Amino acid sequence: MHQIVRFANETLGVNLYPGQAEALSEFYETGAQNWLLLAGRRGGKSLISDVIACYEALIPDFTDLVRPGEDRYILIMSTRLDNARLHIRNTVKLLKHTRAIGRMIEQVKEDEIRLSNGVVILSLPASARAGRGYTASALILDELAHFVDSMGNSSADAVVDALSPTLATFGDAGRMIITTTPASRSGIVYDLFDRASQG
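Procedures and definitions
Residues numbered from 1 in each chain as written. Predicted model: local features only at pLDDT ≥ 70, side-chain atom pairs only at ≥ 80, totals over all residues. Heavy atoms only, no water. Helix = DSSP H or I, 4+ residues; strand = E, 2+ residues; numbered from the N terminus. Expected span 1.5 Å × (residues − 1). Buried < 20%, exposed > 50% of the residue type's maximum accessible area, 1.4 Å probe, protein only. Axes fitted to C-alpha atoms, helices over the stretch in contact; angles between N-to-C directions. Parallel < 35°, antiparallel > 145°, perpendicular 65-115°, else oblique. Left-handed = near helix turned anticlockwise from the far one by under 90°. Contact = heavy atoms within 4.5 Å. Nonpolar A, V, L, I, M, F, W, Y, C, P; charged D, E, K, R; others polar. Core = buried A, V, L, I, M, F, W, Y, C linked by side-chain atoms within 4.5 Å. Salt bridge = Lys/Arg side-chain N within 4 Å of Asp/Glu carboxyl O.

Here we look at helix α3 (residues 45-58)
Okay, so step 1: Look at α3: 20 Å from first C-alpha to last across 14 residues, which is about the 20 Å you get at 1.5 Å a residue.
Okay, so step 2: The buried count for α3 comes to 12 of 14 residues, which makes it a mostly enclosed element.
Okay, so step 3: Those residues of α3 not exposed but buried are Lys45, Ile48, Ser49, Asp50, Val51, Ile52, Ala53, Cys54, Tyr55, Glu56, Ala57 and Leu58.

Thoughts on the packing of α3 against helix α4 (residues 81-95)
Relative orientation and spacing of two packed helices are given, respectively, by the angle between their axes and the distance between those axes.
Okay, so step 1: The interhelical angle for the contact between α3 and α4, taken along N-to-C directions, is 55 degrees, at an axis separation of 10 Å. When the axes of α3 and α4 are compared, the pair comes out oblique. By crossing handedness, the relation of α3 to α4 is classed as right-handed. Side by side, α3 and α4 meet where Ser46, Ser49, Asp50, Val51, Cys54 and Leu58 of the first sit next to His87, Asn90, Thr91, Leu94 and Leu95 of the second.
Okay, so step 2: A class-by-class count of the residues in the contact of α3 with α4 yields five nonpolar, five polar and one charged.

What about the nonpolar core?
Okay, so step 1: In this structure, Leu24, Ile52, Leu95 and Ile121 are the most contacted members of the largest nonpolar core, which totals 37 residues.
Okay, so step 2: In terms of residue count, α3 provides more of this core than any other element does, eight residues in total.
Okay, so step 3: By size, the runner-up hydrophobic cluster in this structure holds 19 residues, among which are Val120, Leu124, Leu141 and Leu144.

Some points on the pattern of salt bridges
Okay, so step 1: For the structure shown, the criterion picks out seven salt bridges.
Okay, so step 2: Arg80 is the salt-bridge partner of Asp82, the closest N and O atoms lying 3.0 Å from each other.
Okay, so step 3: Among the residues examined, Arg80 registers a relative accessible area of 47% and is labelled partly exposed.
Okay, so step 4: Glu112 is the salt-bridge partner of Arg114, the closest N and O atoms lying 3.6 Å from each other.
Okay, so step 5: Where salt bridges share partners, they join Asp71, Glu112 and Arg114 into one cluster.

What follows is the structure, given as structure tokens:
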């Protein structure tokens, strides 16, 4: 098992189900930059997203890739504002499980957690405009297949196109994590699934 599974258990107090632990470990062991996790409702996708956010905020060392004083972001995008804020509330609880990690929390707002190591975990509702301009080492798209714009049209492709460049500073070390319940046999999630299925 990859160290992220031990991190989840020992640092965050999360006992992942065997399937969750296996999937998460397999992804990190491949060293892949991007991950598409398809699971049904109540399949633990948001919890896995929050574990990844904590791990990416605390474990990888990117000090040589960011300017002195520049914040490094972990961006979480969700379908709605209340989902985005729930990610922050749950992530704060995970970080506070271990006293030493809890002391790293400098500030908590409804949409962000600021840590003493210069990392900001920022959670926003899905929008192609909302996440622009940040320097992110991890981009987590929770329920990407269900992202819609103000007119009710799918916005998943636009969000991915707009936010992918936030990872550019970190090259192959930047990660895009997509956790979602499938919605239809069209759109970016289906295209990614089809490409992955064909190797």
